[in-house]
Amino acid sequence: MRLRTQLAALLALFAVVPLAAALVPVGRALTNALASEHAARLDSAARALSGELARLSQEAAEGVAGVARSPDAEAFGRDLAAGALSPADAAGRGGEWMRARGLDALSVLTREGVVVTSGHLPGRAGDVDPQLAPVAARGAVEARVITRSGPSGPEPVLALVARAAIPGEGALTVAGGLALDQERARRLAELTNGEVVIRGAGGALLAQASAPADEGAPLLTRVGARLGVGLAGARRILPIGPADAPVGRVEVSVASEGLARAAGTVLAAFLGAVLIGALAALAAGRLVASRVTRPLEALREAAARVAAGDLHARVAARTGGEVGELVRAFNGMTQELALGRSRLAQAERVAAWREVARRLAHEIKNPLTPIAMSVETLREAQAAGRPDFPEIFDEGTRAIGEEVRRLKKIVDEFSRFARLPAPERTPVAPEELVSAVLALFPPPPGLTIERSVPEALPQVWADRDQALQVLLNLVRNALDAMPEGGTLRVAGRPAGDGVALEVADTGPGIAPEDLPHLFEPYFTRKEGGTGLGLAIAQRIAEEHGGRLEVKTSPGQGATFTFWLPVAKLETRLAKVP
Amino acid sequence: MLALPALLAALAAAPPIAAPPAGAPPPPALTAVAADLARAVGAPLDDRRGLALRVETRAPALAAPLETALADALARQGYAVAPQRGAADAEAAARAGGQDWLLRVQAGLVPGRREIALVGEVIPAWESFFLQRRPGARAVPPRLVQARGAADPETLLLGREERPAGAPFARVRTLTRLPGRVLALAVGDAGDGPAIAAAMPGAVLLLSGDGAVRARREPDRAGWAPVRDPAATLAIGDFGGARLAVQWAGAPRTEVLARRGDRLEVVASLPAAPLCAADGARVFGQFVAGTGLLADLLAPVVDPAARPRSERTLYGVAAAARGGTYAFAALGTDLNLVLLGPDLEPAGPVLAGAGVGFALADLDGDGTAEVVTSSPTATAPDRVRVLAPATGRPLVFESDPLDGLLLAGAGGDLTGDGADDALLGLVGRGPDGAPVTDLLLVTSDLRELP
Amino acid sequence: MPTLPVNEPEPAPSPERSPGLAILVLVAALTLPLPAAAGVRPAYGGEVRVALPAAPRITDPALATDPGDLLLVRAIHATPLELDADGRLSPGLLEEVPAPEAGGRAFRLRLRAGLRFSDGTPIAASDVAAAFVRLLAREGPAPNAWIALPVLGAEAFQAGRAATLAGVQVLSDRELLVTLASAMPEWPWALAAPAAAVVSRGGAGAGPFVLQGLDGAGARLAANGLHWRGRPFADRLTVKGADPRAAARALSGGDLELVLRPEAVPGATATAPSPPLLATYAVVNWRRLGSGAERVRRVLGALDRAELGKLYARGPSAPTSTLVPQPVLAGPAAAPASPSAPGAPGIPGQARLVLLAAADVPDQRALAERLQVKLFDAGVRAAAELEGGGRFAARLAAEDFDVALVPVQVTALAPALAGGQVALATRGPGAARRAMTELAGLPAAAAAPRAERLTRTLDLVPLFSTGVRASAGPALQGLRIRADGAIDLGDLWLLRREGP
């Protein structure tokens, strides 16, 4: 473990321990406060439930009375009495009225209690309804267990029912109301935001529902529930029906999750504070430690850079004491190293120029000999008044001219090498470059040209002429390497941020001993070569921010790869004044 | 043959002549029948030449021309004719006038025939030598003479009686009952007087003007295309030698039929359906393939290349027996009746809500046909209605409710009074439940009126 | 109607007469004054739109059993025989009603000349023969196989023992001879049932209409100009499903011409009831219920069927007491089964069972709800499961029910055939053969007691039979309900009354 880490950890520990110690008494106080809050909410839920049951009773009474008083019902009674309504047609009406009024149960009964139509139990039509017939037709609401049609057959349900007479001579009454069923339990649970259980007279479970849990933070709720022990389990019971003989009861219990979540939130805040404290301590420790260890770190990094070859690495830390001494000694050492390296490079450069000069001299000396010999021969021939002088003159001057041209070429090439203009770069399509180059070389017999340059290659950022010169040079070299024929392959492919153009031949390849000198000026193995082609090519590549590389093995041919950067939009925009 | 007493009874209530004779010469038919009667009276007996002529007709217009014709004819027999008009007691007046004879002539049109009949009573007017103490006693028994002959249109016109005030416009009575359902009717002259033709799903009948079946034909239905609603068109008219042409929906061609005894025989066939015929005019059309409805195609000649004028389909086409402003009428399946002129172009208002049992008939003889049709209500019972589109009072007659549906009709003179009658087919159920068709005669012949 | 000896096939009652006076009486009651324009002949053209309680789905005569499907089948297909206005058999595709030969065992069927299917192919006697073979096809017999079951060799053919149907011989292009296994003079009545319709090899029918499209919304049909009675009056026919309110609204709004529903549509111009021939039977599955079946059976047997029909069938109804529905038997209205105390005390607690009913057939839900309550009162809790057409048939065949309510639209008005149809639908081909053999040749009076015995043997609980009411709009003409409840849709036409 580093020194800095050790220091930071120590500081954090001092910050966390007192905060953690405060957590236990805070949690206990919170639990007590929440328990009394829960009891208050339970009471309020019971009040809401009781109010809602009263409202449902009223709604049931109003619904039934509404049906009984409606013109529809009156017409129904009249039509039925007059025989204008067939019993089977009449049997369907109850369901319509029931649904229209939002009731859960509705039957039309005769004076004798025989069902004419029933919405909740259609199959009862024609019988006396034992459950609804005893309900007094005064409009008062009674709680009763009635049978209604369910998905798996008739089922009992606790209902708030009322009965009202239809005016007219038919002596019909409407009986019906609202069921305290699963759906109702769900709505009551939503209303009270708790759990509602509806039970029959014997305590049999009729319906049960709880309010949907609020979204989110189940972890908080769980944590809070640990704290809120003793909140769950409390409930209020409301009897349904006459006080002396209730036909059922409704139980409500308030969900403690909300409270538990509040507790959890407090706890989470506490834990958050602990965490933030620890982090702050860590940061402070780090700051302090860094003042101590920064020069040492700088020294370590500089040493690493020097080891990697960067002799200009310096440590800039300003510090005193032993560490300051160490820094200064290190900086002095690296300065000495850099100076030595620069002197060595200069010596190498001088040697290189010497080599260049030697080769240039050699190249220039070579043509001079034939020139001198030709001039000598001409002079002799003229002096001797030889009759074949015209022929000799012609031959001699042609040789001189040829050698002069060769000299001029050497000089031109050299001067071009020396004064290569700065590239003027524009976006160029690699495919177009390749096409332009290959157009200059009709394939010689026995030679196959393979070309795979996708048109979709991105444009490169290059001086078109110079790039062409590079490719021209590479292709010419490749063709020269294959006088007996072979395959010239020109390929392009995206490579990193640029495009790599490969020119490969199937010639004899490049000897390993020649490889280090390949891109040096005036190095050539070709008859008549200036030795500047590849040197210029490499320089052009470098001035474009690109590379020129070669891969070869004897007898397997050589592959030159010319890499050029892609023309990026911003680069192009930068060119626009 | 109408019996003489019946004829007398029919003529008995004839009122005396009211108007003086007109100067115009009487119509030829009247002259001819007057000559017949004069011949029946014979030459003057015992040189008694003085003759008082008393003419009595129901139709007032007939009296004067008839008187003229009779006077001429009797004069040619050698009588000195003195027309007598207005006297309450004609015989007493003749005696007082010193005449030898009183000829009382009663004249009228024969119901159901286009004939005029004259009945004369030759009464002696001289004083009886033997019965001098009984004034008014006749010297010799009176003698009855009669004559009848075909009535020309002019005579028929003169013979028409005036409608008494309060009389109904027309009367509907059942002419006869035919078993089965009548699909189409035609009325016309089949060569020997007024005739009725009726097409049924499997037969065509030719009936006399009074409804007696004269001849029939049951076609061979092989090769007929089935049609869900049987239908037929037929017409009585001039079809090149034969008088009756009929086509059933689904049948390949129209049959032109001639009567041979009690059978109707095919004498020719036509490639177009005979829709109606009257007064020298014939209208041809065609059934919409596979249906009992007619295409909107009315052609005066058989033209196999004719194409329907529109997508409209027709239930039927009727012709007025004597042409006129409304010579034809076409009933579309939209129940709109279009009245057409002699050129088959629209000539009058479009009548909405006509039933398929309809006919054009000039019932009142005013020269413009009325439309006789069924009730325009969509529910039974049906009624006969007479519409006179030419007048400002379209509905001129409506019958009592009828038990059945009026599904065919045709117009023409069946009572022989010179005015058209309409014949409607009332399809109903007989006592055994089988379909029957009552042929209803709709007429304004005063002799038919109650 | 002559009284006939019960056991002698000779003299056979003439096929036209066998359903007896009842049908005539019924027909008299049915020819109610429906709208008919005075003095107006039918007009062609237009579209007749018919609404049923549910959209029809099946057009195959061999498979259609629902009243709605049967209506569609009758629109597309033609049967060898028809029923005339008096409820007697009349020629259809056949030239004449075949007379029984060989003691009521053989019938010579002769086709009219020049008949064609709607696709133009000629109708040959072999097509009629193919119709019988189709009904008995070995990959599961069609629900309407009762028509062909009496044919000689049907059993062997069905079981795969015979390659051809021995009793059907094609004599010529237009004539075939059908030989029955035993005498059954009333068999020609089966030829007027929609299931006897002749179908071309390519599936085309010869009915008044051609099917143009069939989907969940209903069927669209166009006139068939090649129908043997001539092209129908309407150019197009649409048959769709609609609930009562939608149907009433559409009828009064002029968007429908005819509604066929159990109840009369308020506001319709005219309504007429069809004979109650949709008979419902309760089938108790002994195999699943075991000893509890007896209790269920007792509850069902104790139902007051007259009251059941009155209170729970919205259409015209009649209580049914045997496997031959009352209108076919026409005997005196059978007394309801003796009421016995429901709720056998032997089984404590509430038993639960599955009550299977057809969802698409009217009144079946109400009936199921009634049975649910009656069973509940007897301590049996039944879950009503309503299934649509194919699912219902599949569950019925797989006996996946405890009690099933099976509705059967009886299409042949002879007791033996009607009994066979009901027995096939409820208890399978064996029961159908037995019912037809026992009831064959019997006049209605003699058939009634025999049918009652059969009902007990086959363990069916007959409930009631119902009909529908045809409610027509003001423009619709030509509506006639036949004695077998069928309507010739080709005869319907529209009265178009337009201003000049």
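Quick caveat: nothing in here was measured; it's all calculated off a predicted structure.

Broken down by element type, chain B carries five helices and 28 strands. Within chain B, buried positions represent 55% of all 450 residues. Long-range pairs, those at least 24 residues apart, make up 54% of the contacts in chain B between residues at least 6 apart in sequence. A total of about 18600 Å² of accessible surface is found on chain B, and carbon and sulfur atoms cover 54% of it.

Right, let's talk about the layout of surface pockets for a bit. Size it by volume and the second largest pocket reaches roughly 1400 Å³. For the second largest pocket, the lining is made up of 44 residues, of which Gly-92 and Glu-96 of chain A together with Pro-244, Glu-263 and Arg-314 of chain C are closest to its centre. Among the secondary structure elements, those contributing two or more residues to the lining of the second largest pocket are helix 2 (71-82), helix 3 (87-91) and helix 4 (93-101) of chain A together with helix 5 (244-252), helix 8 (305-312) and helix 10 (364-377) of chain C. Looking at the lining of the second largest pocket element by element, the count peaks at seven residues for helix 4 of chain A. When residues of the lining of the second largest pocket are assigned to domains, at least three fall in each of domain 1 (41-77 + 207-274 + 469-500) and domain 3 (278-466) of chain C.

Let's shift gears to the sheet that holds strand 22 (residues 359-361) of chain B. All names here are of chain B. Spatially, four strands are ordered 22-23-24-25 in an open sheet, and the strand pairing comes out antiparallel. With partners counted over all chains shown, the strands left at the sheet margins are strand 22 and strand 25 (395-398), one partner each. When strand polarity is set aside, the average angle formed by the axes of neighbouring strands in this sheet is 25 degrees. Of the pairings in the sheet, the one linking strand 23 (residues 370-374) to strand 24 (residues 384-387) comprises four bridges and is antiparallel in character. Each bridged residue has a counterpart across the sheet, and for Val-372 the counterpart in strand 24 is Val-386.

Each side of the interface is counted separately: chain C has 20 residues, and chain A has 20 residues. Together, the buried faces of chain C and chain A total about 1600 Å²; carbon and sulfur atoms form 49% of this surface. Here chain C is connected to chain A by five salt bridges. Residue Asp-377 of chain C is joined to Arg-124 of chain A by a salt bridge in which the shortest nitrogen-to-oxygen separation is 2.7 Å. Here chain C and chain A share 12 residue pairs in polar contact (both at pLDDT 80 or more) between them. Every element with two or more residues in the side of chain C that touches chain A is listed here: helix 8, helix 10 and strand 16 (380-387) of chain C. The leading source of residues in the side of chain C that touches chain A is helix 10 of chain C, at seven residues. Residues belonging to the side of chain C that touches chain A are distributed by class as follows: eight nonpolar, one polar and 11 charged.

Moving on, we come to empty space enclosed by the protein. Residue and element names in this part refer to chain C. Evaluated as defined, the whole model comprises nine cavities of 30 Å³ or more. Computed from the structure, the largest cavity encloses a volume of approximately 510 Å³. Elements with a minimum of two residues in the lining of the largest cavity: helix 2 (67-76) and strand 19 (469-472). Among the elements that line the lining of the largest cavity, the one with the most residues is helix 2, at six residues. In terms of residue class, the lining of the largest cavity is built from 22 nonpolar, seven polar and eight charged. Of the domains in this structure, domain 1 (41-77 + 207-274 + 469-500) and domain 3 (278-466) are the two that each give at least three residues to the lining of the largest cavity.

Inspection of the secondary structure assignment puts Tyr-312 of chain C in helix 8. Among the polar contacts listed, one links the side chain of Tyr-312 of chain C to the backbone oxygen of Pro-122 of chain A, at a separation of 3.3 Å. There is a polar contact of 3.0 Å between the side chain of Tyr-312 of chain C and the backbone oxygen of Gly-123 of chain A.

This part takes up the nonpolar core. By size, the foremost hydrophobic cluster in this structure holds 89 residues, and its most contacted members are Leu-109, Phe-132, Trp-146, Ile-147, Trp-187, Leu-323 and Leu-417 of chain C. No other element matches the six residues that helix 12 (residues 415-427) of chain C contributes to this core. Contact partners of Leu-323 of chain C, with chain neighbours within four places excluded, come to Tyr-281, Ala-418, Gly-419, Val-422, Ala-423, Ala-435, Ala-451, Leu-454, Thr-455, Leu-458 and Leu-460 of chain C. By size, the runner-up hydrophobic cluster in this structure holds 46 residues, among which are Leu-314, Ala-319, Tyr-326 and Val-427 of chain B.

Moving on, we come to the sheet that holds strand 11 (residues 258-261) of chain C. All names here are of chain C. Reading across from one edge, 8-9-10-1-11-19-12 is the order of the seven strands in this open sheet, with mixed pairing throughout. Of all the strands in the sheet, just strand 8 (209-215) and strand 12 (270-273) have a single pairing partner and so form its edges. Across the sheet, the axes of successive neighbouring strands diverge by a mean angle of 20 degrees, strand direction being ignored. In the sheet, strand 12 pairs with strand 19 via four bridges, with the strands oriented antiparallel. The partner of Pro-273 across the bridge, within strand 19, is Arg-469.

Here the structure, examined in full by the defined rule, presents eight aromatic pairs over all chains. Here Phe-76 of chain A and Trp-97 of chain A contribute two aromatic rings whose centre-to-centre distance is 5.1 Å and whose plane-to-plane angle is 75 degrees, an arrangement assigned as edge-to-face. Residue Phe-76 of chain A is found in helix 2, and its partner Trp-97 of chain A is found in helix 4; the two are separated by 21 residues along the sequence. For Phe-76 of chain A, a relative accessible area of 1% translates into the label buried. Through pairs of rings, three or more aromatic residues link up here, namely Phe-107, Phe-132 and Trp-187 of chain C. Here the basic side chain of Arg-547 of chain A rests over the ring of Trp-563 of chain A, its NZ or CZ set 4.6 Å away from the ring centre. The ring centre of Trp-126 of chain B lies 3.7 Å from the NZ or CZ of Arg-48 of chain B, which sits over that ring.

Moving on: the pairing of strand 19 (residues 328-332) of chain B. Working note: regular strand, side chains alternate between the two faces of the sheet. Residues and elements named next belong to chain B. In terms of burial, strand 19 is a largely internal element, five of the five residues being buried. A two-sided burial pattern is seen for strand 19, the buried positions comprising Phe-328, Ala-330 and Gly-332 on one face and Ala-329 and Leu-331 on the other. Summarising the sheet, strand 18 (residues 313-319) and strand 19 pair through five bridges and their orientation is antiparallel. Paired with Ala-318 across the strands is Ala-329, a residue of strand 19. Of the pairings in the sheet, the one linking strand 19 to strand 20 (residues 336-340) comprises four bridges and is antiparallel in character. Looking across to strand 20, one finds that Ala-330 is bridged to Val-338. As consecutive antiparallel partners, strand 19 and strand 20 are separated by three residues, and within that stretch Leu-335 has a phi angle of approximately 65 degrees, a positive value.

We now examine the packing of helix 12 of chain C against helix 13 (residues 429-439) of chain C. Residues and elements named next belong to chain C. One way to put it is that helix 12 packs onto helix 13 with a least axis distance of 7 Å and a crossing angle of 165 degrees. Here helix 12 lies roughly antiparallel to helix 13, going by the angle between them. In this structure, the crossing between helix 12 and helix 13 has a hand that is right-handed. Contacts from Pro-415, Ala-416, Leu-417, Gly-419, Gly-420, Ala-423, Leu-424 and Arg-427 in helix 12 reach Pro-429, Ala-431, Ala-432, Ala-435, Met-436 and Leu-439 in helix 13. Grouping the constituent residues of the contact of helix 12 with helix 13 by class yields 11 nonpolar, two polar and one charged.

All names here are of chain A. Counting through the fold element by element, Ser-118 comes out in strand 2 (residues 115-118). Within polar-contact distance, the side chain of Ser-118 engages the side chain of Ser-107 at 3.1 Å. Engagement of the side chain of Ser-118 in a polar contact is seen with the backbone nitrogen of Leu-121, the distance being 3.0 Å. If near-sequence neighbours (up to four positions away) are discounted, Ser-118 is found in contact with Ala-91, Gly-95, Leu-106 and Ser-107.

It is worth spelling out the confidence of the model for chain B at this point. Caution applies to low-pLDDT regions: their predicted coordinates should not be interpreted in detail. All names here are of chain B. Averaged over every residue, the pLDDT of chain B is 83; the share at 70 or more is 89%. Of the regions scoring below 50 in pLDDT, residues 6-22 engages in 31 contacts with residues more than four places distant in sequence or in other chains. As a predicted assembly, this complex carries a pTM of 0.65 together with an ipTM value of 0.78.

A separate point is unusual backbone geometry. Residues and elements named next belong to chain C. Non-glycine residue Asp-363 carries a positive phi angle of around 70 degrees. One can find Asp-363 in the loop between strand 15 (351-358) and helix 10. Phi angles above zero are rare outside glycine, and Asp-459 is one such case at about 60 degrees. Counting through the fold element by element, Asp-459 comes out in the loop between helix 14 (444-457) and strand 18 (460-466).

A few words now on the pattern of salt bridges. Within this structure, the stated rule accounts for 79 salt bridges over all chains. We note a salt bridge from Arg-124 of chain A to Asp-127 of chain A, for which the minimum N-O separation is 3.4 Å. Both residues of the pair, Arg-124 of chain A and Asp-127 of chain A, belong to the buried class. In this structure, the salt-bridge partner of Asp-229 of chain B is Arg-181 of chain B, at a minimum N-O distance of 3.9 Å. Linking Asp-229 of chain B in the loop between strand 10 (213-217) and strand 11 (232-239) with Arg-181 of chain B in the loop between strand 6 (171-179) and strand 7 (184-189), this pair joins segments that are 48 residues apart in sequence.

Reading the values: rules and limits
- Residues numbered from 1 in each chain as written.
- Chains lettered and ligands numbered in written order.
- Predicted model: local features only at pLDDT ≥ 70, side-chain atom pairs only at ≥ 80, totals over all residues.
- Heavy atoms only, no water.
- Helix = DSSP H or I, 4+ residues; strand = E, 2+ residues; numbered from the N terminus.
- Buried < 20%, exposed > 50% of the residue type's maximum accessible area, 1.4 Å probe, protein only.
- Contact = heavy atoms within 4.5 Å.
- Areas by Shrake-Rupley, 256 points an atom, 1.4 Å probe, with all protein chains shown as cover.
- 1 Å grid on protein atoms, 1.4 Å probe; cavity = no way out; pocket = protein on both sides within 12 Å on 5 of 7 lines; lining within 4 Å.
- Points joined across faces, edges and corners; volume = space filled by probe spheres on them.
- Domains from an automatic or database assignment.
- Pairing = 2+ DSSP bridges.
- Axes fitted to C-alpha atoms, helices over the stretch in contact; angles between N-to-C directions.
- Buried area = accessible area lost by both parts, 1.4 Å probe.
- Salt bridge = Lys/Arg side-chain N within 4 Å of Asp/Glu carboxyl O.
- Polar contact = N/O pair within 3.5 Å; in protein donor to acceptor, adjacent residues only side chain to side chain.
- Nonpolar A, V, L, I, M, F, W, Y, C, P; charged D, E, K, R; others polar.
- Core = buried A, V, L, I, M, F, W, Y, C linked by side-chain atoms within 4.5 Å.
- Phe/Tyr/Trp six-rings, centres within 6.5 Å; stacked < 30°, edge-to-face > 60°.
- Lys NZ or Arg CZ within 6 Å of the ring centre and 35° of its normal.
- Parallel < 35°, antiparallel > 145°, perpendicular 65-115°, else oblique.
- Left-handed = near helix turned anticlockwise from the far one by under 90°.
- pLDDT = per-residue confidence, 0-100.

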